[in-house]
Amino acid sequence: MSQAAAAVETGIHAEHHEDLNFLHKYILPLDHKIIAMQYIFTGMIMAIIGGYFAYAFRMQLAFPGELVPGYGLVGPGEYNMLVTNHGTIMIFWVAMPVLIAGFGNYLIPLMIGCDDMVFPRINRLSYQIFLVSALVLILSFFVKGGGFGGAWTAYPPLSSVAEYNLTDWGSSLWVLAVALEFISFLLGGINFVTTAMNARAPGMKMMDIPIAVWFIVIAVILFMASVGPLIAGAVMLFMDQRIGTTFFLPSGGGDPLLWEHLFWFFGHPEVYVVLLPTLGIVADIITVFSRKKLFGYKTVLYTAFATGGLSFVVWAHHQFIAGIDPRMANIFVVTTVLISIPLAEMMFSYIATLYGGSIELKTPMLWALSFLAAFLIGGVTGIYLGASALDVYFHDSYFVLAHFHYTFFPITIIGMFAALTFWFPKMFGRMMNETLGKIHFWGTFIPFNCIFLPLFFLGLAGQHRRIYNYQHFPDLATQELQNIRIFATVSLVVMLLFQLVFVYNFFVSMFKGEKAPDNPWRANTLEWSTSSPPPHGNFKKLPTVYRGAYEYSTPGREEDFWPQNVAPE
Amino acid sequence: MTNPSSQSVLFAASEVSLTNRPKRAKPPVSSGVIGMLIFMVTEAMFFAGLISAYMVIRSGIEEWPPWGQPRLPVETTAFNTLVLLLSGLTMGFSRNLLQKQKFQEGRRLLGISLLLGTFFLVAQGYEWVQLLNFGMTVSSSVYGGLFYLIIGAHGFHVVGVLAVLIHAWNRLGASNNPITAEGLLPLQLLWYFVVCVWPVLYVLVYLT
Amino acid sequence: MHLQHFLLFPFLLGLLFAPEIANACAVCFSSSEETLEAFYFTTIFLTLLPVVMLFTIGYWLYSKHRKT
Ligand code: HEM
Ligand SMILES: [Cu+2]
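Where an unreviewed UniProt entry is consulted, chain A appears under the name Cytochrome c oxidase subunit I, with the organism given as SAR324 cluster bacterium. Under Subcellular location (unreviewed entry), UniProt gives the following word-for-word description of chain A: "Membrane". Looking at chain A in UniProt, the text filed under Sequence similarities (unreviewed entry) is "Belongs to the heme-copper respiratory oxidase family."

> Looking at this structure, I do not really get the coordination of the iron atom of ligand 1. What am I missing?
Working reference: metal with six octahedral donors, ideal angles 90 or 180 degrees; metal with four tetrahedral donors, ideal angle 109.5 degrees. Residues and elements named next belong to chain A. The protein supplies the iron atom of ligand 1 with one donor atom, His403 (NE2), which lies at 2.2 Å. Between the iron atom of ligand 1 and the copper ion (ligand 2) there is a metal-metal distance of 4.4 Å. Positionally, His403 belongs in helix H14 (residues 398–428).

> So what exactly am I meant to see when it comes to the site of ligand 1 here?
Residues and elements named next belong to chain A. Near ligand 1 you find 27 residues, and of these Trp152, Asp391, His395, His403 and Arg465 are the closest. A distance of 2.9 Å is found between an oxygen atom of ligand 1 and a side-chain nitrogen or oxygen belonging to Trp152. Contact distances for ligand 1 include 2.6 Å between an oxygen atom and a side-chain N or O atom of His395. Looking at the shell around ligand 1, the elements that each hand over two or more residues are helix H9 (256–290), helix H11 (326–354), helix H12 (363–386) and H14. Split into classes, the residues belonging to the shell around ligand 1 amount to 14 nonpolar, 10 polar and 3 charged.

> What should I look at first to understand the UniProt feature "transmembrane region" (unreviewed entry) in chain C in this one?
Here, the residues flagged by UniProt with the feature "transmembrane region" (unreviewed entry) are residues 40–62 of chain C. Along residues 40–62 of chain C one finds 100% helix and 0% strand; the C-alpha atoms at either end are 33 Å apart.

> Is there a simple way to think about the packing of H12 of chain A against helix H15 (residues 434–460) of chain A in this case?
Packed helix pairs are specified by the crossing angle of their axes together with the interaxial distance, meaning the distance between the axes. Residue and element names in this part refer to chain A. For the pair H12 and H15, the least separation of the axes is 10 Å and the interaxial angle reads 10°. When the axis of H12 is compared with that of H15, the two are roughly parallel. The segment H12 lies against H15, with Thr363, Leu366, Trp367, Ser370, Ala374, Ile377 and Thr381 engaging Glu434, Gly437, Lys438, His440, Phe441, Trp442, Thr444, Phe445, Phe448 and Phe456. When grouped by side-chain class, the residues that make up the contact of H12 with H15 number 9 nonpolar, 6 polar and 2 charged.

> I tried to follow unusual backbone geometry on my own but got confused; where do I start?
Glycine aside, negative phi is the norm for most residues, and most peptide bonds take the trans geometry. Following Pro156 of chain A, the chain continues into Pro157 of chain A via a peptide bond in cis, with omega recorded as 0°. For Pro157 of chain A, the position within the fold is in the loop between helix H5 (120–140) and helix H6 (162–165). The residue after Trp64 of chain B, namely Pro65 of chain B, is reached through a cis peptide bond having omega 0°. By the secondary structure assignment, Pro65 of chain B is in the loop between helix H2 (31–59) and helix H3 (74–99). Backbone geometry places Ala154 of chain A, a non-glycine residue, at a positive phi of 50°. Its place among the elements puts Ala154 of chain A in the loop between H5 and H6. On the basis of relative accessible area, Ala154 of chain A is assigned to the buried category, the value being 0%.

> It is not clear to me how the packing of aromatic side chains should be interpreted in this structure. Could you clarify?
Applying the stated criterion across every chain, the model contains 70 aromatic pairs over all chains. A cation over an aromatic ring shows up here: Arg242 of chain A above the ring of Trp169 of chain A, its NZ or CZ 3.8 Å from the ring centre.

> Can you help me understand the UniProt feature "domain: Cytochrome oxidase subunit I profile" (unreviewed entry) in chain A in this one?
Summarizing the sequence annotation, UniProt attributes the feature "domain: Cytochrome oxidase subunit I profile" (unreviewed entry) to residues 22–546 of chain A in the numbering used throughout. Helix makes up 69% of residues 22–546 of chain A and strand 0%, whereas the separation of the span's terminal C-alpha atoms amounts to 38 Å.

> When you look at the side chain of Thr525 of chain A in this model, what are you seeing that I'm missing?
All names here are of chain A. Looking at the secondary structure, you find Thr525 in the segment after helix H16 (479–512). Taking the relative accessible area as the measure of exposure, Thr525 reaches 6% and is therefore buried. A polar contact is formed between the side chain of Thr525 and the side chain of Glu527, at a distance of 3.0 Å. In this view, Thr525 contacts Met111, Pro210, Asp284, Ala549 and Gln564; residues no more than four positions away in its chain are not counted.

Calculation rules
- Residues numbered from 1 in each chain as written.
- Chains lettered and ligands numbered in written order.
- Predicted model: local features only at pLDDT ≥ 70, side-chain atom pairs only at ≥ 80, totals over all residues.
- Heavy atoms only, no water.
- UniProt positions renumbered as here; feature names shortened; annotations may be inferred.
- Donors = N, O, S within 2.8 Å, 3.2 Å for Na, K, Ca; no water.
- Helix = DSSP H or I, 4+ residues; strand = E, 2+ residues; numbered from the N terminus.
- Near = heavy atom within 4 Å.
- Polar contact = N/O pair within 3.5 Å; in protein donor to acceptor, adjacent residues only side chain to side chain.
- Nonpolar A, V, L, I, M, F, W, Y, C, P; charged D, E, K, R; others polar.
- Axes fitted to C-alpha atoms, helices over the stretch in contact; angles between N-to-C directions.
- Parallel < 35°, antiparallel > 145°, perpendicular 65-115°, else oblique.
- Contact = heavy atoms within 4.5 Å.
- Buried < 20%, exposed > 50% of the residue type's maximum accessible area, 1.4 Å probe, protein only.
- Phe/Tyr/Trp six-rings, centres within 6.5 Å; stacked < 30°, edge-to-face > 60°.
- Lys NZ or Arg CZ within 6 Å of the ring centre and 35° of its normal.

Right under this line is the structure:
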């Protein structure tokens, strides 16, 4: 049979399985694994930029008015620009590309046992648009007036009127970059859902799909269903900035509150969009390293559906003091508190999975466990904020900031390291160094808590967000509070320095590490049944699936794992 | 292989032969349709965002249209709406014919549908020129801004879908026609979408 | 549990609608009743639309898969 005919049968284009030159393999690839790497590496480069910004503004807070080594003077405008773009980059250019686009691309075809995405060309286009969006964002730092400084939420009129924000082109390019990035993920998302629906290996039923794939798909669906209004809002904001419309300007008949609705209608589902992939990845990791079946597979799955549905009805908790109708605020208090129920259920399921397992504390497992611990603090403080009476005091204070860093940091950074250390052998065919991995883990996790735990107390002391120098506020300028700020900043610097360990470990292991076997962690899912790294086309022979993904320590079996593709005797 | 060293990092050494793959069952719903349905959800939410914006801004202004701004051509656009709906209908008929393998007839009806769509577009454009002549621009008032934003967003979709469908129409006429009724379905779905949101936008923008 | 406890629940729910107008911020709020209603309506609209669409599509796909 000719290759083309075989390819028609599997529904995948034939041309990209042929020998390719360097250009077509690494610069313009159609292979989902290479596109995944492109997303992950771009995301990691953006993370370095975001981390550098955090370093600069944290130094300014700890030592106000002094020159920041490696950056220079951070003035008020500069400070706003740094905070704004730190947030934007970390959410849209790190969390989304690495966790969803990157690991989604890598894991979905491998875990469901097919040779590529259903629409490889759309996949490639998606990355290209993403790259352009990143470049546009970087360009916006260098235009006249500098980068946008109106916070990642971009509330108008500050973001829409150049006389107010003083960054005429910076703010427009910011909106443009965000809009392009959404379009890129739209294209990617279409691919993910269709692939998971239609390209599963023979025998893989709905309930045999690994949780990681399920959660990425649910996250993508949430994203696709919530991003529309924000794209509409972004178009309107761009028109306000550039062609003089007044959609968000009260003086011209518009309504600034409208933007908040359009933004947060997307903004809250977005936090679950980034949360779900990490929860899924963590589910897969903890089952492997506790050698136990996932406790309540279906429960976990249905709670994810519930979380997804509820995430559409909580967004106004970001607007409690923006002047929304108090009756509406009350309803949103109830829904916000409700959404913590499915999340708590998921947490209990994970903890029950650990209970009685034979736990191996390998580096990926450490990351996964630390995710559970840290995210718990983030979730619990969210409930305080969800009570509107408390939020009147907490809103826009460092308490909120600490809350969402206790959610976003575990999700983005810890989740990324968990996934990278776990799938590194599959991606590059070599093992990472365990000792260095553990040093890096402790060197990240301890300073992380040292940075953000004190910020809760600063928030309770009344410290407001987005202020470049607290020395102008007598109540906040005390030495006591300043010491806390210095402590947080020093912890940040320590944490950043420990990332060098990871970079070293990552690149040295990639080329010189010990050769990885096909299934180093003795895991069940399909990606471990092919060689490390998987060949072009993923599987020598397309696998057939006989059971669910979590059959660990099955009674009556010699081995404590039972890969999905092994035929029953 | 041109670059063996980099290859060993990201790929295993051997390429895969695709000849020994088991046959997959045909999925009940084609990938194109699933992808398009999801995309349509996003599109629907995009228009829902615009509709919400319209309602919120509209609710804050007493005089509508604001002083000095022209009234919208309700009647001619009503006719135009019918033309667009008709185009959606003929699109449906053409799909029926294509499914029965009657490619020539199906292609003719598809052509008629596209002509109707183009007529809609031209008539809208003519209307815009007139409104501009009356002094209604994007920035003349939030009324004008909303009109051009919403109707423009819809027009933009019409142009895009028309362009792709005309391309498909062309290829349908070729002697070695590669397009099947199933292959065309996702594009047709998008056209139905564009046709179906229009009456909603018409009622919203022209009648309220 | 006593009957009173069950009656308490709808009563508490009813309280949600009690704070008629206690607008926190007088500056950024267009307090016209029409705008309030528009926000109400669009909130419900935007919330329900995706849920309805996703449910419909999901159910349709599910039933198609059932048949084969
Ligand atoms: C149990 C779950 C959660 C609850 C009840 C909750 C509640 C809240 C509330 C009420 C606020 C508004 C505070 C204010 O601005 O005054 C808030 C802010 C925030 N939350 Fe959460 N949250 C939860 C989970 C999450 C998760 C999982 C994430 C991230 C992935 C997250 C990210 C954020 C962010 C980024 C903000 C601040 C946005 C800003 O103003 O810049 N939250 N949360
Ligand atoms: Cu939220």
